[in-house]
Amino acid sequence: MKRISISNISRSKVISYVGLPPKGSLFRINPDPECYAPEVNVLCKEHKWYLLANTLVDELYKEADFISGIYQANLYQSTDLMGNNNIVVVNYSQSGTPLFDAVDLAKDIWMERLKVNGMKFKPAPQLTKPPVWEDSFEDLLNLRLLQNDQYIDDMNHPYIDAVLQKVNVSA
């Protein structure tokens, strides 16, 4: 199996969110610092997120200072009440948001993502079921990225072509 390593690079932080728990779901975030990837680069396309190889991002930023759809994000391991583990993607914003607060709270208690427009969360302290962490964060991330083709490390990927076409059109 191909091993994906995550290293951090510095890019400007932009407002946008994808990869959240579904509306109406109850979730927890793994509090273990090993179950977290800070400041990785993601491409958000068609309601899905893709982790970008740092070498690819370096190549892309030779084309333009800002590229729409590419963001820095934190990745967290989450679980739901059924014990399904997943990756939550939280993109940066210019100031604190309810999303970062919800992620921090979900490390200690169950949180509910409300079925309303926007990103609204409510603590569910009445739930005492312990979270189930079936997979290691690294195994979960590698499995998700490889099985769902959510890792992009090639400039010839169709989504990268689309991103570069937008850059060239706006130039």
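The rules behind the values
Residues numbered from 1 in each chain as written. Predicted model: local features only at pLDDT ≥ 70, side-chain atom pairs only at ≥ 80, totals over all residues. Heavy atoms only, no water. Buried < 20%, exposed > 50% of the residue type's maximum accessible area, 1.4 Å probe, protein only. Helix = DSSP H or I, 4+ residues; strand = E, 2+ residues; numbered from the N terminus. 1 Å grid on protein atoms, 1.4 Å probe; cavity = no way out; pocket = protein on both sides within 12 Å on 5 of 7 lines; lining within 4 Å. Points joined across faces, edges and corners; volume = space filled by probe spheres on them. Nonpolar A, V, L, I, M, F, W, Y, C, P; charged D, E, K, R; others polar. Pairing = 2+ DSSP bridges. Salt bridge = Lys/Arg side-chain N within 4 Å of Asp/Glu carboxyl O. Contact = heavy atoms within 4.5 Å. Core = buried A, V, L, I, M, F, W, Y, C linked by side-chain atoms within 4.5 Å. Polar contact = N/O pair within 3.5 Å; in protein donor to acceptor, adjacent residues only side chain to side chain.

Draft legend 1. Spatial organisation of helix α3 (residues 137-147). Turning to α3, its buried residues are Phe 137, Leu 140, Leu 141, Asn 142, Arg 144 and Leu 145. Immediately beyond the C-terminal end of α3, within one or two residues, lies Asp 149, with a positive phi of roughly 50°.

Draft legend 2. Local environment of the layout of surface pockets. Within this model, the largest pocket holds a volume of roughly 290 Å³. Around the largest pocket, the lining comprises 20 residues; the ones closest to its centre are Gly 19, Leu 20, Pro 21, Pro 22 and Asn 86. For the lining of the largest pocket, the secondary structure elements donating two or more residues are β1 (26-29), β3 (48-52), β4 (70-80) and β5 (85-91). Its residues assigned to classes, the lining of the largest pocket comprises 10 nonpolar, 7 polar and 3 charged.

Draft legend 3. Structural view of the pairing of strand β2 (residues 36-45). With 6 bridges connecting them, β2 and β4 associate as antiparallel partners. Bridge pairing in β4 places Ala 37 opposite Leu 75. Following β2, the chain reverses through 2 residues before pairing antiparallel with β3; Glu 46 in that reversal takes a positive phi of roughly 50°.

Draft legend 4. Region of interest: the pattern of salt bridges. If you walk through the whole model with that rule in mind, you get 3 salt bridges. A salt bridge links Glu 59 to Lys 62; the shortest N-O distance between them is 3.0 Å. What makes Lys 62 exposed here is its relative accessible area of 63%. As a salt-bridge pair, Asp 104 and Lys 107 come within 3.7 Å of each other at their nearest N and O atoms. Among the residues examined, Asp 104 registers a relative accessible area of 45% and is labelled partly exposed. We classify Lys 107 as partly exposed; its relative accessible area is 25%.

Draft legend 5. Fine view of the side chain of Arg 113. Note that Arg 113 resides in strand β6 (residues 111-113). The contacts of Arg 113, once residues within four sequence positions are left out, are Leu 20, Pro 21, Pro 22, Lys 23, Gly 24, Ser 25, Phe 27, Gly 118, Met 119, Lys 120 and Phe 121.

Draft legend 6. Summary view of the nonpolar core. Ranked by internal contacts, the top residues of the largest apolar core, which has 34 residues, are Val 42, Leu 43, Trp 49 and Leu 75. Of all the secondary structure elements, the ones that give two or more residues to this core are β2, β3, α1 (54-60), β4, β5, α3, β8 (151-152) and α4 (158-170). Those residues in contact with Leu 75, other than ones at most four positions away along the chain, are Cys 35, Tyr 36, Ala 37, Val 40, Trp 49, Leu 51, Ile 87, Val 88, Val 89, Phe 137 and Leu 141. Phe 27, Tyr 76, Val 90 and Ala 102 belong to the second largest nonpolar core, which has 14 residues in total.

Draft legend 7. Structural detail: the side chain of Arg 28. Inspection of the secondary structure assignment puts Arg 28 in strand β1. Polar side-chain contacts of Arg 28 include one of 3.1 Å to the backbone oxygen of Lys 107. Of the polar contacts made by the side chain of Arg 28, one reaches the backbone oxygen of Asp 108; its length is 3.4 Å.

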